[in-house]
2 protein chains.
Amino acid sequence: MPKKRAGPKWRSGCPLNASVEMLGDRWSLLILRDMMLRGYSHFHEFLQSTEKIATNILADRLRRLEHYGIVTSREDSGDGRKRIYSLTPKGIDLAPVLTEMVLWAARHEDVGNQPLVRLMRAGKDQFNANIHRHWTEKHGASNS
Amino acid sequence: MPKKRAGPKWRSGCPLNASVEMLGDRWSLLILRDMMLRGYSHFHEFLQSTEKIATNILADRLRRLEHYGIVTSREDSGDGRKRIYSLTPKGIDLAPVLTEMVLWAARHEDVGNQPLVRLMRAGKDQFNANIHRHWTEKHGASNS
């Protein structure tokens, strides 16, 4: 995949704006969670998450995430009608963003998944490093 | 303001989901940036940002941010027709989320505001602590 492509035009030069133009949508962040923390890689897996994403929204968001180079996909060698989705290096680099969002919600709202929250609180840098290491082991050094 | 209110019902117990239900919208995050980094507090100030938020979207997002206890507002004593918006403790606690989003965009995209990026890279914990200290000085210990 070429590193440089015709860049998207942002509404401003602000780095936060670039970030929210790529991510500022609740469903995109939930798809990334499912890939990062649950290891989901197939279309039908994302549909099974508790938040009940609609098929057309899922297809659209996966397309957007691929467009921005956050997600990549390839044909499933076992079933050519299916695609396998995985995070790119740019995608796995979002771990600290997701971690801070989890920690923020856990500080201010009554939320579930306390084991995850405890793990992050015990050491968020370590948590993010583990996510990255797990992803590198799975995808090989060629992707990192 | 009472601390407990009839809690919003999330689509799932996942803390990331709670976070994206409150924040998963590009405009909300830009409004928070304008309050946190630029000190904006008046409706007309937010309208002047480069990204050109529409009046009706701004009004809606400020209402949502108040609903979730992220932003609070009061009457402007100098002009009773105007309101002054400020971040709550829950709102200022979002600094690490915004910082990670800026750093991520700056790692992977060609973006502006490099002085801000350099400041965050030099020490993000220090950067976030400074944001919090500045906010505490402005709003007084009663809010923190």
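Residues numbered from 1 in each chain as written. Chains lettered and ligands numbered in written order. Predicted model: local features only at pLDDT ≥ 70, side-chain atom pairs only at ≥ 80, totals over all residues. Heavy atoms only, no water.

It is not clear to me how the overall build of chain A should be interpreted in this structure. Could you clarify?
The helix and strand inventory of chain A stands at eight helices and two strands. When the helices and strands of chain A are read in sequence order from the N terminus, they spell out α-α-α-α-β-β-α-α-α-α. Taken against the 2.2 N^0.38 rule, which gives 15 Å for 144 residues, the C-alpha radius of gyration of chain A at 16 Å falls within 12% of a compact globule. Each of the three principal axes of chain A carries a C-alpha extent, and together these read 40 × 40 × 35 Å. For chain A, the proportion of its 144 residues judged to be buried stands at 50%. In chain A, 48% of the contacts between residues at least 6 apart in sequence involve partners at least 24 apart. When the accessible area of chain A is evaluated, it comes to approximately 7400 Å², of which 50% is carbon and sulfur surface. Between the mean site of the 23 positive side-chain charges and the mean site of the 16 negative ones, chain A shows a separation of 3 Å. (Helix = DSSP H or I, 4+ residues; strand = E, 2+ residues; numbered from the N terminus. Rg over C-alpha atoms; globule rule 2.2 N^0.38 Å. Buried < 20%, exposed > 50% of the residue type's maximum accessible area, 1.4 Å probe, protein only. Contact = heavy atoms within 4.5 Å. Areas by Shrake-Rupley, 256 points an atom, 1.4 Å probe, with all protein chains shown as cover. Lys, Arg positive; Asp, Glu negative; His and termini not counted. Charge placed at Lys NZ, Arg CZ, Asp CG, Glu CD.)

So what exactly am I meant to see when it comes to unusual backbone geometry here?
For residues that are not glycine, phi is negative in most cases, and the peptide bond is trans in most cases. Although it is not a glycine, K52(A) adopts a positive phi angle of roughly 55°. Of note, K52(A) is situated in the loop between helix 3 (43-47) and helix 4 (55-67).

I keep staring at the interface of chain A and chain B and nothing clicks. Help me out?
The accessible area lost on association of the parts is a frequent measure of interface size. Between chain A and chain B, the contact holds 46 residues from the first and 44 residues from the second. Taken together, the connections running from chain A to chain B amount to four salt bridges. Ionic pairing is found between K90(B) and E109(A), a salt bridge with its closest N-O pair at 2.4 Å. Taken together, chain A and chain B are joined by 16 residue pairs in polar contact (both at pLDDT 80 or more). Secondary-structure elements contributing two or more residues to the side of chain A that touches chain B are helix 1 (15-23), helix 2 (26-38), helix 5 (89-92) and helix 6 (95-108) of chain A. Looking at the side of chain A that touches chain B element by element, the count peaks at ten residues for helix 6 of chain A. Taken together, the residues of the side of chain A that touches chain B break down into 24 nonpolar, nine polar and 13 charged. (Salt bridge = Lys/Arg side-chain N within 4 Å of Asp/Glu carboxyl O. Polar contact = N/O pair within 3.5 Å; in protein donor to acceptor, adjacent residues only side chain to side chain. Nonpolar A, V, L, I, M, F, W, Y, C, P; charged D, E, K, R; others polar.)

What is the right way to read the pattern of salt bridges from this model?
Pairs can form between side chains of opposite charge once their charged atoms are near each other. All names here are of chain A. Tallied over the entire structure, the rule returns 24 salt bridges over all chains. Between D34 and R33 there is a salt bridge; the shortest N-O distance is 3.0 Å. Since its relative accessible area comes to 3%, D34 is described here as buried. Judged by relative accessible area, which is 2%, R33 ranks as buried. Notably, a salt bridge pairs R61 with D60, separated by 2.7 Å at the nearest N-O pair. Given the relative accessible area of 27%, D60 is considered partly exposed. Three or more residues joined by partner-sharing salt bridges are found here, namely D25, D60, R61 and R63.

Quick question: what am I supposed to make of the pairing of strand 1 (residues 71-76) of chain A here?
On any regular strand, side chains alternate: one points to one face of the sheet, the next to the other face. Residue and element names in this part refer to chain A. In the sheet, strand 1 pairs with strand 2 (residues 79-87) via six bridges, with the strands oriented antiparallel. Paired with D76 across the two strands is D79, which belongs to strand 2. Linkage of strand 1 to strand 2, two consecutive antiparallel strands, is achieved through a turn of two residues. (Pairing = 2+ DSSP bridges.)

So far we have only geometry, and geometry alone does not tell us how the molecule works.
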